[in-house]
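# Structure assessment
Chain by chain, the residues run as shown.
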Amino acid sequence: MSDLFDKSIRTLELPRVLELLSEQAVSAEAKQRALRLRPETEVEEVLRLLDQTDAARNLIGLRGSPSFSGVKPVAEALDRADRGGALNTRELLTIADLLTAARRAKEYFNDEAAEKTAIDHLFLSLHGNRFLEEKIKRAIPDEDTIADAASTELADIRRHMRAAQAKSRQILQKIISSPSYGKILQETIITQRDGRFVVPVKAEHKGDLPGLVHDISSTGATLFVEPMGVVQANNEYIELQAKEQKEIDRILAEFSAEAAAHREDIQWDYDTLVHLDLIFARGQLSYKMNAVRPEVRRDGAIHLRKARHPLLDPKTAVPIDIELGDTFDTLVITGPNTGGKTVTLKTLGLLTLMTQCGLHIPAADRSAVSVYERVLADIGDEQSIEQSLSTFSGHMKKITGILELAMPHTLVLLDELGAGTDPAEGAALAVAIIEELRRRIRQQLFFRLQNFVRSDGDDAIRLVIAVFHGGHTAEDIRVGDDLQTDLHNVLRHAREALGMADVRAELLAHADDDHLEDASLDGAADVRVGLDAADGNDPVRLRRIAVDPRREAVRLRNADLHRLHARADGRAGIFLGNAEIGEDFLLSL
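Anyway, here's the lowdown on the structure attached to this text. (Residues numbered from 1 in each chain as written. Predicted model: local features only at pLDDT ≥ 70, side-chain atom pairs only at ≥ 80, totals over all residues. Heavy atoms only, no water.)

## Points about a nonpolar patch on the surface
- A surface patch of nonpolar side chains, about 230 Å² in accessible area, is lined by Phe328, Leu331 and Ile333.
- Note on Ile333: relative accessible area 35%, which makes it partly exposed. (Patch = residues over 30% accessible without salt bridge, like charges linked within 9 Å, V, L, I, M, F, W, Y side chains within 5 Å. Areas by Shrake-Rupley, 256 points an atom, 1.4 Å probe, with all protein chains shown as cover. Salt bridge = Lys/Arg side-chain N within 4 Å of Asp/Glu carboxyl O. Buried < 20%, exposed > 50% of the residue type's maximum accessible area, 1.4 Å probe, protein only.)

Below you can see the structure in the form of structure tokens.
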């Protein structure tokens, strides 16, 4: 993708539409992928994306959108677990939440639905793991807690911990409740220091309560003493705490190993859920914009009906109709200021880019958009102080870049062409630029005839016609005894390949074996015919044949028709002949 194409994408404000798309996504990764979307240039890929958007929109209308709230990255945690590392509670809960999202997505999908969709395979590919999901969530209710139910050993340790703790508190409670100790205590409370139960004792009475001093207050007036009567109970509690932590570590390691054992399935579910999240975001945006799926054409034609710019308020935006590419390939819009010319250009370009991103467009039914290899736009003020460019110079620099990139399957949008200079000179320049663009962009029809040989088994000819329409399509046609019928089959394939409705043919009069008389190619300003030698070893010889409106006859020897190449701008004719059968016909396009 060229820098100019990228700049045109920004000029046409596709990133702002992608921000709206990102807002409809739930997971952070799907949001980022939405912002990184770029227009596809292959028709089949655009159709696949639109099929997915259709499916998501229909499912949203029937059952709402599946939940993607638990879809968070797990690759780093799974990698560490796979290397033998133990995951923490937060990481394990993230994996469990992802498994929950996968399970709910599987439950959301109805594989018994009568109508299959383009995203069924994504739902069907989800694995889930309810056993591991519930095991983690049962053991880890939140990231700060490991439940007693995590293991029987942990439950037993904690039971003994509670008993030791109760014994310590019972002894201390007697001390703080005794009148004999009231005068030596700073406060009648039980607290902890270094995980051990202590009572606050006045500094001047430190010898009146035998025990271990664990801390002193900042003023030095209070000592935190562990009475000797609770030392044994506290020691038991500390030992049990160490056992508890060891068991918790074992549980986390066990869960981590189980997650690592299902690493590929879990990562697959993450990637698939992110993909579904983005697809359903496209469906949600379609609803929000009241958008429709456009027809995707392959012939460069555009038909937008009641199209609205997606970034304008739909209550005030004026719908527009645009047609381009059928009866004319260049559209020039004129009118007063604030008449909507720039908005029309931007709407046309933006809706084309949206379609190629797999998005529905805000337009009426029966709207059609073609897929372009590049959309190039010069819209807005190109003035640059840093580059010492005036508005006019800035536009000319960009248009020069557009001219260099312009070729078939390119949509060019130019705003205020020729502005910023003398009106007469600007108008002349605009005309020259348009003519040059038409010359470069006009779709060349290039036919190549090869393998023009007779079959040994019958009277049929195997005729292979490769039809190039912007680099696409190849047709393999077999011509048999009924030349008239087979010729219509050839034409039918040509129409389908080229998307043209006006392909026609003539069955010419019988000609002798050596020459074709009075075969004509009309309407082409310049036809280039290349003849390869019969043995295929000699260099290609080129001849220019000027065809004028008087339908000058083209005479070619059949002996030279081992391979024939014809190329023309706009309209072209190809002579197909076979001396052995004795029938000749001409395809006129």
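## Section: the side chain of Arg158
- Here Arg158 is to be found in helix H9 (residues 152-177).
- What makes Arg158 buried here is its relative accessible area of 13%.
- When near neighbours in sequence (up to four residues on either side) are disregarded, Arg158 contacts Ile146, Ala147, Asp148, Glu244 and Ile248. (Helix = DSSP H or I, 4+ residues; strand = E, 2+ residues; numbered from the N terminus. Contact = heavy atoms within 4.5 Å.)

## Points about the packing of aromatic side chains
- In this structure the tally under the stated criterion is 6 aromatic pairs.
- Judged by centre distance (6.1 Å) and plane angle (50°), the rings of Phe68 and Phe280 are tilted. Taken together, the residues span a long stretch of sequence, with Phe68 in the loop between helix H4 (43-63) and helix H5 (75-82) and Phe280 in helix H11 (residues 263-289) at a distance of 212 residues. You'll find Phe68 and Phe280 in the same group, each marked buried.
- Considering the side-chain rings of Phe109 and Phe123, the 5.2 Å spacing of their centres and the 0° angle between planes classify their relative orientation as stacked. Of this pair, Phe109 sits in the loop between helix H6 (89-108) and helix H7 (120-124) while Phe123 sits in helix H7, placing them 14 residues apart in sequence. Phe123 shares its class with Phe109; the two are buried.
- Three or more aromatic residues joined by ring pairs make a cluster, and in this case those are Phe68, Tyr108, Phe109, Phe123 and Phe280. (Phe/Tyr/Trp six-rings, centres within 6.5 Å; stacked < 30°, edge-to-face > 60°.)

## Topic: the side chain of Ser168
- Here Ser168 shows up in helix H9.
- Classification of Ser168 by relative accessible area gives buried; the value is 0%.
- Ignoring anything within four residues of it in the chain, the contact list for Ser168 reads Phe197, Val230, Ala233 and Asn234.

## Some remarks on the sheet that holds strand E4 (residues 222-227)
- The sheet built from 4 strands is open, its strands ordered E1-E2-E4-E3 with antiparallel pairing. Each edge of the sheet is formed by a strand with only one pairing partner; in this case those strands are strand E1 (191-193) and strand E3 (211-216). Going across the sheet, the axis of each strand differs from the next one's by a mean of 50°, ignoring polarity.
- Where E3 and E4 come together, 5 bridges link them in antiparallel fashion. From the neighbouring strand, Ile216 faces E4, where its bridge partner is Leu223.
- Sheet strands touched by H9: strand E2 (196-202) and E4. Its angle to E2, the strand with the most contacts, is close to 15°. (Pairing = 2+ DSSP bridges. Axes fitted to C-alpha atoms, helices over the stretch in contact; angles between N-to-C directions.)

## Regarding unusual backbone geometry
- Positive phi values are uncommon outside glycine, yet Glu13 reaches one of about 70°.
- Counting through the fold element by element, Glu13 comes out in the loop between helix H1 (3-11) and helix H2 (14-24).
- The phi torsion at Lys306 lies on the positive side, around 50°, for a residue other than glycine.
- Tracing the backbone shows Lys306 in strand E6 (residues 302-307).
- Residue classification places Lys306 among the exposed positions, given a relative accessible area of 53%.

## Quick look at the nonpolar core
- Grouped together as the largest cluster of nonpolar side chains are 97 residues, with contacts concentrated most on Phe123 and Phe280.
- Take this core: its biggest share by element is 11 residues, from H11.
- Leaving out residues up to four positions away in the same chain, Phe280 has contacts with Ala56, Leu59, Ile60, Ser65, Pro66, Phe68, Tyr108, Ile119 and Phe123.
- By size, the runner-up hydrophobic cluster in this structure holds 13 residues, among which are Ile184, Leu185, Phe197 and Val225. (Core = buried A, V, L, I, M, F, W, Y, C linked by side-chain atoms within 4.5 Å.)

## What about the pattern of salt bridges?
- For the structure on display, the rule yields 27 salt bridges.
- As a salt-bridge pair, Glu13 and Lys346 come within 3.6 Å of each other at their nearest N and O atoms. A residue pair is termed long-range when its members are at least 10 positions apart, and Glu13 in the loop between H1 and H2 and Lys346 in helix H12 (residues 341-356) qualify at 333 residues. Taken as a pair, Glu13 and Lys346 share a single burial class, namely buried.
- The salt bridge involving Arg158 is made with Glu244; its shortest N-O contact spans 2.7 Å. Here the residue Arg158 occupies a position in helix H9, and Glu244 occupies one in helix H10 (residues 228-261), the gap between them amounting to 86 residues. Summarising the burial analysis for this pair, Arg158 and Glu244 share the class buried.
- Taken together, the salt bridges that share partners define one network made up of Arg103, Glu107, Arg130, Glu133 and Glu134.

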